[in-house]
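A structural walkthrough
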Amino acid sequence: EATPGLDFVRSRVVADNRTGRFDGRVHTRFPPEPNGYLHIGHAKSICLNFGIANEYGGKCNLRFDDTNPVKESREYVDSIRTDVAWMGFSWDDREFYASNYFEQLYQFAEQLIMAGKAYVDSLSAEEIRAHRGTLTQPGTESPYRNRSVEENLDLFRRMRAGEFADGTHVLRAKIDMASPNVVMRDPTLYRIRHAHHHRTGDAWCIYPMYDFTHCISDSLEGITHSICTLEFENNRELYDWTLDALGVYHPQQIEFARLNLTYTVLSKRKLIQLVEGGFVKGWDDPRMPTISGLRRRGVPPEALREFCARIGVAKADSTVDYGLFEFCIRERLNATTPRVMGVLDPIRVVIENYPEGQVEEFDMPYHPEDASFGSRIVPFSRVLYIERDDFREDPPKKFFRLAPGAEVRLRYAYYITCREVVKDEAGNIVELRCTYDPESRGGSSPDGRKVKGTLHWVSAAHAVESEVRLYEQLFAVSDPDDVPEGGVFTDNLNPDSLKVVRAMLEPSLGGIEPGTKVQFERMGYFCADPDSVPGAPVFNRTVTLKDTWAK
Ligand code: ATP
Ligand code: MG
Ligand code: MG
């Protein structure tokens, strides 16, 4: 029963509220495994779970699904807390850890054993896999399947006590080796792992599996709607079986389609490879689709949330165009960032008729359409920089920028005309000799003559030199996982994903705080990087101005 205007997950919540199924309660959770940094796919899940809780007067838990000590760490826990908070959501005291339930989970496992619904299997991992069968072939029962309750209990207790080596025994649910759903063919509930856990230390040497842990954690926390991605659809039967077998409170699992994005890999396993293989500078490299990477790149959390709202929630897998994400970023930055002048590829301009040593100050608004942004002072002098690309010696038709003999407007300042092109011995243009019209101060002339092109500029004597990092897609192809036989996804990396330039910026940017976002007029949106030091800012290009997204 779909509610018009609502996605299928929210429709479900509304329907359950109507029937009073959970006494009108709405309680979701976001359950990351702390085995990597969160990425934009997780953002979709965060917006869905926290969003639903906020919209329906409910609660959302932040739960760390930390049952695999080998891959998890405190660093990942901390990064996840930072990222969820940065996205604008709060969980107050509702921070939970599956590892806090280890004792309860263990007791539940014994309960299953005593009910004859779980047994200790002593086959090897390989043998268990071989016994499992396939989609078309039923599995075969383990020779250990009919151990007595007493023997199972004894072995399980000794597993806990540390008597056995890794891989020698597992605890399995006793369900149905012929089930058409492979997940139900006596799934493993516990395995032996003599490993140090970042929270429980060496207290345990057996660890519960995801399927066993997740449903019980949901149940213990009183979750109403347990929202997960589609690959867990077949696991729902086990989720339900486990809670029914234990006779405990039973939430509703709902599956939705995970986010896939063009030019992007969204799998922690692959993101770890990028970090560890040195293909990027770290988890927060601005080219990474991680939340920390996006933050460093200058993506505002509002844009990320808007993107998640626009893509919606569906029941079928699809791939979202990266352009939609950029559109959301631009829309937000356009409304919220001051406009300043930065020349990324500078060429010198000497204004021959402008007095040497003279400096004028122009009071320039930070935003042409919004006076509340205020203004700043920008100095003008005889030697300036403009963008190399704004000059053509041999201009094509309709080139309204600078060329020999052509006149352009310098933003908020004067009209200038190019008189001479100075080249070095190799024939490279090193300087443009120009003249200015003193009558055109402020950007228009008394005779009202038409000057089409307006260029950004920076006074050379006052310029702040800055490292600017220009990013392109990290992958050169829209589906990075599409690799020929024998290849790996990293073969698809874009060798030109980072270009570093020395830019000349207006002096107001000299002491900019890391994290500050600006628009360099005509060039794009940029964010000051944490590598900035006073007087030597470093900027990341968040996104260009050009919109390639077809609405
Ligand atoms: P990955 O596949 O990247 O390793 P995961 O699913 O193993 O991710 P978890 O830490 O288990 O990572 O994920 C926490 C939550 O985020 C889960 O509910 C999961 O379904 C959800 N999630 C993960 N990736 C995506 C995605 N691409 N789109 C939507 N939700 C996602
Ligand atoms: Mg996982
Ligand atoms: Mg996964």
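Residues numbered from 1 in each chain as written. Chains lettered and ligands numbered in written order. Predicted model: local features only at pLDDT ≥ 70, side-chain atom pairs only at ≥ 80, totals over all residues.

Turning our attention to the confidence of the model for the protein. It should be kept in mind that the predicted coordinates are not to be read in detail where pLDDT is low. Here the protein averages 97 in pLDDT, and 99% of its residues register 70 or above. In the model output, the complex is listed with pTM 0.95 alongside ipTM 0.96. (pLDDT = per-residue confidence, 0-100.)

Below, the discussion takes up the pairing of strand β18 (residues 407-410). Where β18 meets strand β19 (residues 415-423), 3 bridges bridge the pair, whose relative direction is antiparallel. Directly across from glutamate 407, in β19, lies its bridge partner threonine 417. Between β18 and β19, which follow one another and run antiparallel, lie 4 residues, and tyrosine 412 among them has a positive phi close to 65 degrees. Bridging between β18 and strand β21 (residues 454-455) involves 2 bridges; their strand directions are parallel. From the neighbouring strand, arginine 409 faces β21, where its bridge partner is threonine 454. (Pairing = 2+ DSSP bridges. Helix = DSSP H or I, 4+ residues; strand = E, 2+ residues; numbered from the N terminus.)

Neighbouring ligand 1 are 15 residues, the closest being Pro32, Gly41, Thr229, Arg258 and Lys268. Residue assignment for the shell around ligand 1 shows that the elements contributing at least two residues are α2 (40-55), β8 (225-229) and α9 (268-276). Counting residues per element, the shell around ligand 1 draws most heavily on α2, at 4 residues. When its residues are assigned to classes, the shell around ligand 1 shows 5 nonpolar, 5 polar and 5 charged. Both of domain 1 (8-256) and domain 2 (260-341 + 464-551) provide at least three residues apiece to the shell around ligand 1. (Near = placed C-beta within 6 Å. Nonpolar A, V, L, I, M, F, W, Y, C, P; charged D, E, K, R; others polar. Domains from an automatic or database assignment.)

This part is about α9. Every buried residue belonging to α9 is among Lys268, Leu271 and Leu274, and all of these are buried. Angularly, the buried residues of α9 cover 115 degrees about the axis, an arc narrow enough to put them on a single face. Those residues of α9 that are exposed and angled more than 90 degrees off the buried face are Arg269 and Glu276. Phi turns positive, to about 75 degrees, at glycine 278, one or two residues after α9. (Buried ≥ 20, exposed ≤ 12 C-beta atoms within 10 Å, placed from the backbone. Arc of directions from axis to C-beta.)

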